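# Observations on the three-dimensional arrangement
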Amino acid sequence: MHRFGAEGSDGRLGDDFVEIKTISPFKNWQVVKIRMDRHFSKILAVRVMQDFSVQGVMVSRSDLPKPDGPEMILGWEFLQRLT
């Protein structure tokens, strides 16, 4: 993990800069919002269930669809299909 408040990504995994997105059990929609102006090469989407079990998917930035704006909203099921 990078230091708190660092610009860019949330941390590194080997040579990859990783952006971490969380879907809590209290959200109405199972989506993540990604700012495409950030410096990352992978996204780790973590989904916390009602019983606090955890699921995660890691997706390469190159596998994401081309953005049509500064932000992208992606659903959990879509992210799972990309892996």
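Just above sits the structure.
Below or above, wherever it landed, is the structure these notes cover. (Residues numbered from 1 in each chain as written. Predicted model: local features only at pLDDT ≥ 70, side-chain atom pairs only at ≥ 80, totals over all residues. Heavy atoms only, no water.)

Helix and strand content of the protein chain: one helix and six strands. Mapped from its N terminus to its C terminus, the protein chain presents α and β elements in the order β-β-β-β-β-β-α. Relative to the compact-globule value of 12 Å for 83 residues, the protein chain shows a C-alpha radius of gyration of 13 Å, a close match. In terms of overall dimensions, the protein chain has C-alpha extents of about 35 × 30 × 20 Å along its principal axes. Long-range contacts, defined as pairs at least 24 residues apart, comprise 45% of the intrachain contacts of the protein chain with a sequence gap of at least 6. Taken as a whole, the protein chain presents about 5,800 Å² of accessible surface, with 53% of it coming from carbon and sulfur. Of note, the protein chain has its 12 positive side-chain charges centred 2 Å away from the centre of its 11 negative side-chain charges. (Helix = DSSP H or I, 4+ residues; strand = E, 2+ residues; numbered from the N terminus. Rg over C-alpha atoms; globule rule 2.2 N^0.38 Å. Contact = heavy atoms within 4.5 Å. Areas by Shrake-Rupley, 256 points an atom, 1.4 Å probe, with all protein chains shown as cover. Lys, Arg positive; Asp, Glu negative; His and termini not counted. Charge placed at Lys NZ, Arg CZ, Asp CG, Glu CD.)

Here the focus is the pairing of strand E5 (residues 54–60). Alignment of strand E4 (residues 42–48) against E5, held across seven bridges, turns out to be antiparallel. Following the sheet pairing, Ala45 is matched in E5 by Val57. Hairpin connection, E4 to E5: the antiparallel pair is bridged by five residues, and Phe52 has positive phi, about 70 degrees. (Pairing = 2+ DSSP bridges.)

Now for the packing of aromatic side chains. On inspection of all chains with the given rule, the structure shows zero aromatic pairs. One residue, Arg61, lies across the ring of Phe40, its end atom 4.2 Å from the ring centre. (Phe/Tyr/Trp six-rings, centres within 6.5 Å; stacked < 30°, edge-to-face > 60°. Lys NZ or Arg CZ within 6 Å of the ring centre and 35° of its normal.)

This brings us to unusual backbone geometry. Despite not being glycine, Phe52 has its phi angle at roughly 70 degrees, a positive value. Position of Phe52 among the secondary structure elements: in the loop between E4 and E5.

Everything listed here is a matter of coordinates, which is why it stays silent on function.
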